Amino acid sequence: MSHTLGVRQAQKQKTRQALLDAALQLLDEQSLSSLGLREVTRAVGVAPTAFYRHFRDTADLGVALVEEAFASLHTTLTAMLAATGDGEERIAGTVELIAGYVRSHPAHVRFIARERHGGVRAVRDAIGAQLALFAREVAEQFAQEEPTAEWTEDDLLMLAGVYVDHMVMTASAFLDAGPGTAAEARTADVARRQLRLVGLGRRHWRDER
């Protein structure tokens, strides 16, 4: 009996993942608000009723895609936080990590970039919550580093938000540029210079309020 349940659970998970993969592929050319569940189930080869065994609606599927995208992105963020300081090594490593993530997960990056301000509120909120969580992790790291160790929590979150926004913006720019192109190299150069500028502000900024 337990073996049968295990097989059924594995098949259910396989179908769920197939629905996510099919949706992500279909979303390469359209927004989530225009995606129909019949498109997704047809691409997987299952009946439309099978969709509801895994997701309440396409918004619920979209939230699951957000979680999937950020789970893989979190590994990249952890690697970015492993180095400290605003030196050239950290800056270059950060930009290369972002470029590498875009090369490995272009569909996820395109989905997040499009739906961050898209028409499905549940997905917008899910993306916003994940980015806020990232900002908090970055702020916690900055609280352990000079010259921001004595900053207030609000100021740390403000700075962390700048870095997270830069990460998202740079990922979108890499996606538009395409891998191995002159545009990708220019994007990397601009991203490094922007991080140098933010680093200078971090070292010299004083709150005069």
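Look a little higher up for the structure.
The sections below set out a description of the structure shown in this document. This is a predicted model, so every value here is computed, not measured. Numbers given to residues run from 1 along each chain, matching the order in which its sequence is written. This being a predicted model, a pLDDT of at least 70 is required before a residue's local features are given, and a value of 80 or more before pairs of side-chain atoms are given or counted; all residues contribute to the totals for chains, interfaces and linings. Just so you know, side-chain values use all the structure's heavy atoms and leave hydrogens and water out.

### Points about the nonpolar core
So, point 1. The biggest cluster of nonpolar side chains holds 56 residues, and the ones touching the most others in it are Leu65, Val66, Phe70, Phe111 and Val123.
So, point 2. Here a strand is any run of E in DSSP of at least two residues, a helix any run of H or I of at least four, and the numbering for each starts at the N terminus. In terms of residues, this core owes the most to one element, helix H4 (residues 58-82), which gives 11 residues.
So, point 3. Once you skip the residues sitting within four places of it in the chain, Val66 turns out to touch Phe111, Ile112, Val123, Ala126, Ile127 and Gln130. For the purposes of this section, nonpolar cores are sets of buried Ala, Val, Leu, Ile, Met, Phe, Trp, Tyr and Cys residues that join through side-chain atoms within 4.5 Å. Three exposure classes are used, based on accessible area relative to the maximum for each residue type with a 1.4 Å probe and protein chains only: buried under 20%, partly exposed in between, and exposed over 50%. Contacts between residues were defined by any pair of non-hydrogen atoms, one from each residue, lying within 4.5 Å.

### Topic: unusual backbone geometry
So, point 1. Of the consecutive residues Glu146 and Pro147, the connecting peptide bond is found in the cis state with omega at 10°.
So, point 2. Mapped onto the elements, Pro147 comes out in the loop between helix H7 (121-142) and helix H8 (153-177).

### Describing the packing of aromatic side chains
Each aromatic ring pair is specified by the distance between its two centres and by the angle formed by the two planes.
So, point 1. A pair of aromatic rings is counted whenever rings of Phe, Tyr or Trp (Trp by its six-membered ring) have centres within 6.5 Å, and the orientation is called stacked for planes under 30 degrees apart, edge-to-face for over 60 and tilted otherwise. Throughout the structure, instances matching the rule amount to 5 aromatic pairs.
So, point 2. Arranged with centres 5.7 Å apart and planes meeting at 80°, the rings of Phe51 and Tyr52 form a pair that is edge-to-face.
So, point 3. Both rings, one in Phe70 and one in Phe134, keep their centres 5.4 Å apart while their planes meet at 70°; by these two values the pair is edge-to-face. Note that Phe70 is positioned in helix H4 and Phe134 in helix H7, a separation of 64 residues in sequence.
So, point 4. The exposure class assigned to Phe70 is buried, which follows from its relative accessible area of 4%.
So, point 5. On the basis of relative accessible area, Phe134 is assigned to the buried category, the value being 0%.
So, point 6. What links up through ring pairs into an aromatic cluster is the set Phe51, Tyr52 and Phe55.
So, point 7. Whether a charge sits over a ring depends on NZ of Lys or CZ of Arg being within 6 Å of the ring centre and within 35 degrees of the ring normal. When the ring centre of Phe142 is taken as origin, the NZ or CZ atom of Arg202, which lies over that ring, is 4.2 Å away.

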